[in-house]
Amino acid sequence: MPNLGLMVVEFIRLELLKSIRSTSFAKSVMVGVFLAFLAVLLLGYLFLLGLVLKDIIVKYMGMPDAYEVVSGSLIYFFLIEFMYRYFVQKLPVIDLESFLHLPIKKSSIIHFLLIRSFISPLTLVALLVFGPFSYQEVAFRFGNAAGLMWLGSLLLSSWSLHWLMLWFKQRFEDSLIGIGVVFLVMLLGLGSNYYGWFNLGDLMKPLFDASLTSPIPVIGLLVLFFTCYGLAFTYYRNNAYIEDLTSEENVRFVNQSLGIFSRFGLAGELADLEWKLIIRHKKSRTYLMLASFFLLYGLIFYTNPMYKTEGGGFNHMFVFVGSFITGIFMLQYGQLFLSWNSSNFDFFLAKRDGLASLVKGKYLLFMAISFLCFLLSVPYAYFGWDILLIHLATFIFNMGVIIHLVIYLSLWKPKPMDLNKGAMFNYEGVGIAQFLMIIPMMGAPYVVYLPFAILVNQYAGLLALGVIGGIGILAFPKLAKFSIDRVIDNRHEISASFRQEL
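Residues numbered from 1 in each chain as written. Predicted model: local features only at pLDDT ≥ 70, side-chain atom pairs only at ≥ 80, totals over all residues. Heavy atoms only, no water.

1. Considerations on the pattern of salt bridges
Move 1: Scanning the model with the defined rule gives seven salt bridges in all.
Move 2: Among the ionic pairs, D65 bridges to R141, the shortest N-O distance being 2.7 Å. Linking D65 in the loop between α2 (25-60) and α3 (66-88) with R141 in helix α5 (residues 121-142), this pair joins segments that are 76 residues apart in sequence.
Move 3: Among the residues examined, D65 registers a relative accessible area of 25% and is labelled partly exposed.
Move 4: Connected through shared salt-bridge partners, K54, D65, E137 and R141 make up one network. (Salt bridge = Lys/Arg side-chain N within 4 Å of Asp/Glu carboxyl O. Helix = DSSP H or I, 4+ residues; strand = E, 2+ residues; numbered from the N terminus. Buried < 20%, exposed > 50% of the residue type's maximum accessible area, 1.4 Å probe, protein only.)

Here is the structure:
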């Protein structure tokens, strides 16, 4: 044990030295303080939710048995937890490179990194939400022992997901299997009750009911907890080599070209190169996956009775939904327009017509992926042909108008960025312009749509969106020239800012 304690102290000392010696130590401290404040604030809200959870169910939802409601809905909490852990939870392999060269047993390094990953605000979510409920409702009705066992079963289930996700993300994140499983989990959660196939809550409720009277569920979940830890530990130990755990070449389509760009000369070649870089790097690949998930955004609105209108027509909110679905990748990826190329910007600066071709190539890529998003959204016509018309009009408007606004705004003081870091809670490359971009995304379509929708009808508003967008597409060379000229005029200033260390 003393050796283990000394080893842990040594690991902590090395981590502190790594942080203090960093050239961006001051910036990291400021970012850390901000994120810590944000985490405390969010966790505080979750604790308040736990305190009033019983009152919400009984007084506002009109359901007298709060325990039955919560126990029957815990499966949805775990489905949501699975989703946000997939996108937010960081992998310990990021820091593995810093330790493998040290004269320390590989298994000790893996244990330290795994346990350190467990010390996270995500670990407290289930405790803060359901801890007060366990005391107020479960312990009050069934006894203190029952309350502790029920809460213990819930926490062990949540914490087992932590280890399972560490294994799952490292094993499947770079393949279509991982994306497919996450999609399946989401569709299962959203569709099962909506279409009345079966009640997912019935799958886990008996387990938590049994924990009120028997310690067996707690013991079983404790075994599951250590089994999931062992699964993660074994995988990381057996693959604790940088070329294994961080290899991007396992992505089957990472080096495949998109032939549609070959006819556009140098701009097309750079668009094709940009696509390869998106697939190759973690942060850009995360943005691409998020764009695919946001294609399901319409299910929140198109199936909600609250947004139904009387007397025909559709809700004005659907215009924003259509614009969001068909342009989400352009907005997310485009807000960091040149920051993606901060590490190799000088290459384009030195190449003849390099900057102009770089900007044109990004335009081509945004249009291609937005068109793919539009095609994938066509099945929304199931909810009415109005939806298809909305998506078509907003897509054309995005390609003719919004794309130029987003790119022009993103060129205001671009900042450098490390592509190998994750997208969640990573603010590299983000400035005030990135927060302002939501204004044209939300406001510009309504500036065109609403006058015609109010004075004539909604379809006239959609026609206006399509016409203005079509004019913008026809005027693409002149509109794109504004952004190209801005990059060329400020090329030396942009290059100097990208040379700053992160």
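What follows picks up the thread again.
2. Some remarks on the side chain of S214
Move 1: As for its placement among the helices and strands, S214 is situated in the loop between α8 (201-210) and α9 (216-238).
Move 2: The class of S214 is buried, set by a relative accessible area of 18%.

3. Examining the environment of I494
Move 1: Position of I494 among the secondary structure elements: in helix α22 (residues 491-498).
Move 2: Of the residues examined, I494 reaches a relative accessible area of 5% and is grouped as buried.
Move 3: Distance in space between the C-alpha atoms of I494 and L411 is 9.0 Å, their sequence separation being 83 residues.
Move 4: Apart from residues no more than four positions distant in its own chain, I494 is found in contact with L338, F345, P414 and V487. (Contact = heavy atoms within 4.5 Å.)

4. Quick look at the side chain of S211
Move 1: Within the element layout of this structure, S211 appears in the loop between α8 and α9.
Move 2: The residues touching S211, leaving out its near neighbours within four places in the chain, are A146, M149, W150, S153 and P217.

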